Amino acid sequence: MFLLMLRATSTMKKDIEQLSTEIRLLKEEKGITILAHYYQRPEIQQLADYIGDSLALSQYASECRVQKILFAGVHFMAETAKIINRRAKVLIPDAAAGCSLADSCTPSAFEQFLKQYPYHKVISYINCSAEIKAMSDVICTSSNAEKVIQSIPRHQPIVFAPDKNLGRYLIAKTGRKLVLWDGACIVHESFSIEKLLKLHRQFPEAKIVAHPEAEPHLLKVAHFIGSTSAMISYIKKSDADTFIIATEAGILHELQKQVQGKTLIPAPTAEDNTCASSEWGFMKMNTLEKIHSCMLREYPTVEIEECLRLKALQPLIRMLEISKN
Ligand code: 13P
Ligand code: SF4
């Protein structure tokens, strides 16, 4: 049995190596640039030309002059790249790679909701569909949300969508009143505060680091709250050696490469006794096999009707402008 398992593991390893080599060759041959979010599988991050958080990836997509992008991320991120960079062919290995938060805000329900607030400016978190972006005045990510809110005059009422946890965090941070859409990310709502505090009692010197999409009671005990890239810089600069990390566990791959010698512990979730269950299948549908096949066929691609693209582009341009200063 043990020998069989060993053989299976080494076959899998060979497949990963072989596929990675073929993908590298295809990248060269076809001139495809691979962009990946930190929460993609490690073997995918290894092949990426550029890895970043949502803001960095959007900025890269808007500035790069490449003709073909393969976006290893969830659907709304690949869609955002296409909105920003119309000329590039944007390949998406699995169009079903989804975001529970983006799915929590459907265009028809949001349109109805906005009818109640005709004089509000609409700030939408980038984790939403092109249709929701098109109904928004400005987009933000977790890296620039405070800045985006502060760019709007104080007397101006604001609707914030779709993440209510990030919204509550921003209300506390900026002192602004925001009308919140009732959406959330199931990954960030899966953490157990009881288990987290128990774990912290085992590692009292550990710093708790959380993404602002986590629930308020969890953010209350966090030593640092920030976007994926902000967490990486905090951990790199911190004198502490141990960190408990409350966000999608994929970030641990890049982190561990950047902060060798530090101990990184994924925050425990309510459902499971293993700590690493904040890795969610629906977000991780991209695989090396799918990337390989997508590059070979140059399909599937992200396609958006031009009229919708132009409407969704305006609030994204505003965000990119605000982020420059
Ligand atoms: P970032 O803004 O840190 O990329 O976060 C996006 C996200 O989806 C976190 O779950
Ligand atoms: Fe969406 Fe949550 Fe996954 Fe981020 S972690 S992409 S918000 S489902």
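Located above this text is the structure these notes cover.
None of the values given here were measured: they were computed from a predicted structure.

**Some remarks on the pairing of strand β5 (residues 121-125)**
As a general feature of sheets, a regular strand has side chains that alternate between the two faces. Across the five residues that make up β5, a large majority, four, are buried. Two elements, β5 and strand β7 (residues 158-161), share four bridges in a ladder whose sense is parallel. Across the sheet, residue Ile123 finds its bridge partner in β7, namely Phe160. As judged from the three bridges shared by β5 and strand β6 (residues 138-140), these two strands associate in the parallel manner. Among the inter-strand pairings, Tyr125 is bridged to a residue of β6, identified as Cys140.

**Overview of the site of ligand 1**
His37, Tyr39, Asp53, Ser54, Tyr125, Asn127, Ser142, His188, His211, Glu213, Ser227 and Thr228 make up every residue found near ligand 1. Taking Ser142, its side chain carries an N or O atom lying 2.6 Å from an oxygen atom of ligand 1. Residue His211 places a side-chain N or O atom 3.1 Å away from an oxygen atom belonging to ligand 1. For ligand 1, the protein covers 96% of the area, taking 300 Å² as the surface of the free molecule. In terms of residue class, the shell around ligand 1 is made up of two nonpolar, eight polar and two charged.

About the cut-offs
Residues numbered from 1 in each chain as written. Chains lettered and ligands numbered in written order. Predicted model: local features only at pLDDT ≥ 70, side-chain atom pairs only at ≥ 80, totals over all residues. Heavy atoms only, no water. Buried < 20%, exposed > 50% of the residue type's maximum accessible area, 1.4 Å probe, protein only. Helix = DSSP H or I, 4+ residues; strand = E, 2+ residues; numbered from the N terminus. Pairing = 2+ DSSP bridges. Near = heavy atom within 4 Å. Polar contact = N/O pair within 3.5 Å; in protein donor to acceptor, adjacent residues only side chain to side chain. Areas by Shrake-Rupley, 256 points an atom, 1.4 Å probe, with all protein chains shown as cover. Nonpolar A, V, L, I, M, F, W, Y, C, P; charged D, E, K, R; others polar.

Purely geometric numbers; function is a separate question.
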